[in-house]
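These are the residues of each chain, in order.
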Amino acid sequence: MSKPTTREIVKKAWQLGIVVPAYNIPHHPMMEPVVRAIRDTGSFGLIQVARLETVKFKAESFKAIRDLYEKNKDEKYTRLHLDHVPVIDEDGNHIDYVKEITECMQLGFESVMVDGSRLPLKENIAATLRVVEAAKAFNVPVEGELGAVIGHEAGPMPPYEELFSSGKGFTSAAEAEQFVKEVGLDWLSVAIGNFHGAIAPGRKDDKKVEAKLNIDHLKKINALAKVPLVLHGGSGIQKAFLREAFKNGIAKINVGTNIRQPYERGAAESVKKGQDLVYQAMLDVIRVELGVEGTAAKLLN
Ligand code: 13P
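These numbers come from a predicted model, not from an experiment. (Residues numbered from 1 in each chain as written. Predicted model: local features only at pLDDT ≥ 70, side-chain atom pairs only at ≥ 80, totals over all residues. Heavy atoms only, no water.)

> With reference to specific residues and values, describe the side chain of His27.
When you line up the elements, His27 lands in the loop between strand S1 (20-24) and helix H2 (31-40). There is a polar contact of 2.8 Å between the side chain of His27 and the side chain of Glu264. His27 has contacts with Phe57, Lys58, Arg260, Tyr263 and Glu264, leaving out every residue within four places of it along the chain. (Helix = DSSP H or I, 4+ residues; strand = E, 2+ residues; numbered from the N terminus. Polar contact = N/O pair within 3.5 Å; in protein donor to acceptor, adjacent residues only side chain to side chain. Contact = heavy atoms within 4.5 Å.)

> Explain the sheet that holds strand S4 (residues 111-115) to me, and be specific about the residues and the numbers.
With parallel pairing, the 8 strands of this closed barrel are ordered in space as S1-S2-S3-S4-S5-S6-S7-S8. The average undirected angle you get between the axes of adjacent strands in this sheet is 30°. When S4 meets strand S5 (residues 142-146), the two strands line up parallel, connected through 2 bridges. Paired with Val112 across the two strands is Val142, which belongs to S5. (Pairing = 2+ DSSP bridges. Axes fitted to C-alpha atoms, helices over the stretch in contact; angles between N-to-C directions.)

> Residues and numbers for the pairing of strand S6 (residues 187-190), please.
Burial along S6 is two-sided: the face carrying Trp187 and Ser189 and the face carrying Leu188 and Val190 are both buried. Examined bridge by bridge, S5 and S6 share 4 bridges and lie parallel to one another. Paired with Leu146 across the bridge in S6 is Val190. Relative to strand S7 (residues 229-231), S6 runs parallel, the two sharing 3 bridges. From the neighbouring strand, Ser189 faces S7, where its bridge partner is Val230. What joins S6 to S7 is helix H9 (residues 215-225), and the crossover it makes is right-handed. (Buried < 20%, exposed > 50% of the residue type's maximum accessible area, 1.4 Å probe, protein only. Right-handed = clockwise from strand over helix to strand, strands pointing away.)

Right, dumping it as structure tokens:
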């Protein structure tokens, strides 16, 4: 029997109200303890790398991460995902995104994300559509983003409470419906109060402000978009909001800062110490934060 595809697994998670975590690997030694913790807890997880992690951290290249994944993977519990390849990056550079994403699909990435969220709606639709077309030949699901999930940009964050209560940058439910329909999108990343942990030098070690989520707004998006929804900035969100989000359409959550910071702290002493701290952090994320222990059996059977 062929192995369940990532498209099938995430769809099942969405239908069951279970979340699929996707763990970022900005440093190679993180891969082993991340996969080990997923397996030891019988959970299911995606291993992912974002373009910026090959440029601003030590992921090196998409191929290097693919090779490392091949050595560490356990297909009873894991799949390989390509996180953020932006059309325009956090520094304003235009990226040759179709070429880079196509190369990743040739390398064997099993799902991909194109981030056109810095573009106006019409251009985001056109850009995301180009990737959806390219992905057909590989039968690979595509994640797109609508709304502003801030945090990766340099410069200070606006005050969080203001951001949350104003709803500025939140994904519009009506636009989400249009975007998914016109693009034929598999998964949609939304902005509902979530934000990315900082990556700028001088701020990348900061503790994240505890984020909230506007669940009523999520319900509206979920009712109209009708595809699995994705939550970026998955570190440091208040647990009660997470649980509600998983019941209301969030089927994939990206976790970066919560495992990167412990690694970097430990690695200042030794790589082994960094790996030990990642493993411990993963157990906490899986068991306490997300409550996904044992999900592999439910999602892959
Ligand atoms: P955090 O670093 O805030 O967990 O966000 C990770 C993420 O969304 C990667 O795409």
